[in-house]
Structures are given as structure tokens and as C-alpha cells.
Amino acid sequence: MPALIAGCLNNNVTVTTTVTDSGGDTSTATDSSGDASSSESGTEGSTTEGSTTAVSTTDAESTGDTTDSAGDSSDGTTTTGDTSTTGGDGTTDSPGEELPVCGDGVVAGAEECDDGNVFDGDGCSALCVAEPIKYAVISSHPGGSVAFSVFNLLANWLETKVTRPSLGVSKLYPAVSDRHVYVLADVGNEIHRYDMYSGEWQAWALAPAVTENTAGYLQWVGDGLCMGYWTVDFVHCHDGESWRTIDLTINPGLVSTWDPVENQLYVKTYKQFGFQVVDLDTDQIVRTILDASVTTELSFGAYAQGVFYTADGTGIYRFHSENGAKLNTMIPVVGTKHTGDFHPTNGKLYVVTDNGANVQSLIEYDPLTGAPTTLPKTFTFSSTTASLNLRFQRSAKKK
């Protein structure tokens, strides 16, 4: 079992990281930078004899081989269209590989998406090109909610309130993929999904047999879902075929967020500034960031470009995803209900925050400039709502 070593940063942030080298040996490292500044991109890792600094790099290293668009390794040559091979006598053989067909439901070749039809305006165009992000979903505190709201971003956040048909209350915050909203039904312990383009419902999968708590989250992770309950130290993840369980070493909160580049799940800690990072390719914990305790548990967790955003009742903060350096965004907040998510294509954080009298403001935050802008759009949610959750539709483009 990998050992976990905890250390204290200058800004009182504890970072615990598990590292496995190429030979399979496991070591641990504690980041002690503690710099209060935050970078939007990861820093390159460095290794010294006897110690390892566990930070990641986004730079791709050359391996000598190349990979074609189908993901197969080649010997350095590049092919387009049908693959051909040259025999010893100089002749060329073509296996007659079929070209991708837009509308067959299979993403292949140069297709960015393929939703099984050739219609425009449903997230994937008639030419199998991903269309602009169209929808945002805002839901209220789980455990008693029977509805959520879908907002058309291309029509000035025009709201459609969706009530789930005869499924009982929602136990978890819903997940949002490129096309669907996923909810866990109280009736039958089954996950159903709502098509944001057609307005239709369908059953998706049975949830794990045991319901661990009264509230938690569903999180879309590219090819399936992860689901977790607050204060329960594990998550269930579904890869499109079956469920598996991943153990955590934190007391988790109400929300998680997903990094599609590294395929990592960020699980927020309960009543504490912090998170735990799980590699969904290996189901291993790769990093834990712990900071000060908070009095209000909010469903605010958003990740982008090496930074994790979260909030308490007093403000919205950003944490460097590897060393835990903390910075107050200075996004103006009034009440105690805040939620937010990153727009998948423009790279900006959108925050819905309470400004009193059951009215919530919409704020756009640019991480590059650090400047928040209050947009001319407000929402009205009941004061009895303990917390809100905002999730954007994911781009239909494959990883």
C-alpha cells in the first residue's frame, strides 16, 4: 500500500500526494511551496535524489512512436484514409477500411461527435461537428427536490423548468453530459436521464443497491457517471456497463467536479476548504488538499486549468490544484447560497450567488484577468433552498 505523508504549507494548507514511478515503486511527497498566488496551468515536476516533488506537467514527451487518429501506435509514418502496407516486392495492399459515416452513432475519423442523426441544432451538427454549448442546469438542494431548471444560453438564459415524471424526490444533485441530465429517482433507486434537446425521459441504469445518505451528487465523467453521498467516504462510478466502488480518505461534501484532460475526479471535503483527487483510469487517490474549516457546506466545486474553485458563506476561493495555494477571487457575494461552474469552451467561471430577498445574481469571472462581471440576468429561488448547484452541458467533442 502506498504510504501517505502530510506536511504543512506556509499558508496552512496540507498537501498529501501519492506518486508511483515507472518501476512500480511508490513514494509520497508533500508540497511546501505555500505561495498564495495561483497559476492557471500546472508546473513541471522536478525530481531530486531521495525525494520527489509530486506535480504534473502538461508537456507531452516524445516516445519515438506516433499515434494515428484511431489511437493505434505506428512506427513514425502518418497515414490518412485507408491504411496501406508495403510488401517486400514494393506492392501496396489496402484492406478496404470503410470511411466514417456521420449519423451512425459512432465517432470515427475526423468526426468531433456523432449523435446518431444528421440534424443541426442538437449539439452535434449534420456534419458531425460539435455545436456551441447551449444549456446550463441549475438544481436545488437534493433530498426533497422534484424538479430542476434548464437554461438556454443562446437565448439569454431562457429557463425551462423540468419536473421529473412520477419518480419521487431527487436524492442527488443531477449530472449533465453533452445531451442529458441524469437524476437518481427515489422510486426504484434507478437513474433516469432527460434529453435536453427532445425533452424526453428514459431509464438509464439501476443505482447501487445501498443508499448511503440523504443527499449527494451525480457527476458526468465522459463515458458514465460517478455518484457520492456527503459524509460517506467512497464513491460509486459507472463506466457505461457496470458499477465499481472507489474508497476515499476524506469526509466528502455535497459536490464533485471532473477534469476531462487527466480524467480525474475532484471530490470536495465536507465543511472544509479542500478536496481529494481520484484518477479514474487507475481508481487511485493521487492528491489531497486540506485547508481551514468552514461553517456552511455549499455545493460549489469547479475545476479548470489547474485551479479548483469552492466557496463558503463568506466568499469564493480558488486553490492551486497541486500545491493548494489559496486566493480569494473577490467575487461579490451577499447571502450564503453560491454555486458555479466553468463554461467548457470560453474558459470562464459562471457564479450564481444570493443577493438577498430570494434573488440570485449571475456573475461571469475571467480567471485570466481576475475580474468579475455581474451580468444583466437574475434568478429567483426559494429561501428554504439550502444550496444550489450549477452545471454546464459538456461539449459533444470526444476527449
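Each remark here, short or long, concerns the structure printed above.
Scope of this entry: the structure provided in the associated data block. (Residues numbered from 1 in each chain as written. Predicted model: local features only at pLDDT ≥ 70, side-chain atom pairs only at ≥ 80, totals over all residues. Heavy atoms only, no water.)

**Focus on the sheet that holds strand β10 (residues 147–152)**
Then step 1. On the basis of which strands lie adjacent, the open sheet formed by four strands has the order β11-β10-β9-β32 and antiparallel pairing. The open sheet has two edge strands, β11 (158–163) and β32 (388–392), and neither has a second partner. For this sheet, the mean inter-axis angle between neighbouring strands, taken without regard to orientation, is 25°.
Then step 2. Bridging between strand β9 (residues 135–140) and β10 involves five bridges; their strand directions are antiparallel. Residue pairing in the sheet places isoleucine 138 in a bridge with serine 149 of β10. (Pairing = 2+ DSSP bridges. Helix = DSSP H or I, 4+ residues; strand = E, 2+ residues; numbered from the N terminus. Axes fitted to C-alpha atoms, helices over the stretch in contact; angles between N-to-C directions.)

**Describing the pattern of salt bridges**
Pairing of side chains with opposite charge becomes possible as their charged atoms draw close.
Then step 1. Taken as a whole, this structure holds eight salt bridges when the rule is applied.
Then step 2. For lysine 326, the salt bridge is made with aspartate 291, and the minimal N-O distance between the two is 3.3 Å. Separated by 35 residues along the polypeptide, lysine 326 in strand β27 (residues 326–328) and aspartate 291 in strand β23 (residues 284–293) bring together distant segments of the chain.
Then step 3. Overall, the relative accessible area of 25% leaves lysine 326 in the partly exposed class.
Then step 4. Residue aspartate 291 is classed as buried on the basis of its relative accessible area of 9%.
Then step 5. With a shortest N-O distance of 3.6 Å, arginine 391 and aspartate 341 are connected by a salt bridge. Within this pair, whereas arginine 391 is found in strand β32, its partner aspartate 341 is found in strand β28 (residues 338–342), the two being separated by 50 residues in sequence.
Then step 6. Given the relative accessible area of 7%, arginine 391 is considered buried.
Then step 7. You can call aspartate 341 buried: its relative accessible area is 8%. (Salt bridge = Lys/Arg side-chain N within 4 Å of Asp/Glu carboxyl O. Buried < 20%, exposed > 50% of the residue type's maximum accessible area, 1.4 Å probe, protein only.)

**Describing the nonpolar core**
Then step 1. In terms of nonpolar packing, the biggest core is built from 18 residues, with Val235, Leu265, Val278 and Leu280 touching the most fellow members.
Then step 2. Put simply, the parts of the chain that give this core at least two residues each are β18 (234–238), β20 (252–259) and β21 (264–269).
Then step 3. When neighbours within four sequence positions are excluded, leucine 265 is seen to be in contact with Gln219, Val221, Cys226, Val235, Ser256, Thr257, Gln276, Val277, Val278 and Leu280. (Core = buried A, V, L, I, M, F, W, Y, C linked by side-chain atoms within 4.5 Å. Contact = heavy atoms within 4.5 Å.)

**Thoughts on the environment of serine 198**
Then step 1. Mapped onto the elements, serine 198 comes out in the loop between β14 (190–195) and β15 (201–206).
Then step 2. Taking C-alpha positions, serine 198 is 9.9 Å from histidine 180, a pair spaced 18 residues apart along the chain.
Then step 3. A distance of 3.3 Å separates a polar atom in the side chain of serine 198 from the backbone nitrogen of glutamate 200. (Polar contact = N/O pair within 3.5 Å; in protein donor to acceptor, adjacent residues only side chain to side chain.)

**Details of unusual backbone geometry**
Then step 1. We note that asparagine 263 has phi near 55°; this positive angle belongs to a residue other than glycine.
Then step 2. Mapped onto the elements of the fold, asparagine 263 is located in the loop between β20 and β21.
Then step 3. With phi around 60°, aspartate 283 is a residue other than glycine that occupies positive phi space.
Then step 4. Mapped onto the secondary structure, aspartate 283 falls in the loop between β22 (272–279) and β23.

**Details of the pairing of strand β16 (residues 216–220)**
Then step 1. Counting buried positions over the five residues of β16 gives five, a clear majority of the element.
Then step 2. Of the pairings in the sheet, the one linking β16 to strand β17 (residues 225–229) comprises five bridges and is antiparallel in character. Across the sheet, the residue bridging to glutamine 219 is cysteine 226, located in β17.
Then step 3. In this structure, the hairpin formed by β16 and β17 is closed by a connection of four residues, where glycine 222 is found at a positive phi of approximately 95°.

**Some thoughts on the state of the cysteines**
Then step 1. In this structure the tally under the stated criterion is three disulfides.
Then step 2. Linked covalently through their sulfurs, cysteine 102 and cysteine 128 form a disulfide whose S-S length is 2.1 Å. When the S-S torsion is 100°, as for the bridge of cysteine 102 with cysteine 128, the disulfide is right-handed. Of the two residues, cysteine 102 is situated in the loop between β8 (92–93) and β9 and cysteine 128 in the loop between β8 and β9; the sequence distance between them amounts to 26 residues.
Then step 3. Look at cysteine 102 and you get partly exposed, because its relative accessible area is 25%.
Then step 4. You can call cysteine 128 buried: its relative accessible area is 1%.
Then step 5. Put simply, cysteine 226 and cysteine 237 are joined by a disulfide, and their sulfur atoms are 2.0 Å apart. The S-S bond linking cysteine 226 to cysteine 237 shows a torsion near 105°; that makes this disulfide right-handed. Of this pair, cysteine 226 sits in strand β17 while cysteine 237 sits in strand β18, placing them 11 residues apart in sequence. An identical accessibility class is assigned to cysteine 226 and cysteine 237; each is buried. (Disulfide = S-S within 2.5 Å.)

What is shown is where atoms sit, not what they do.
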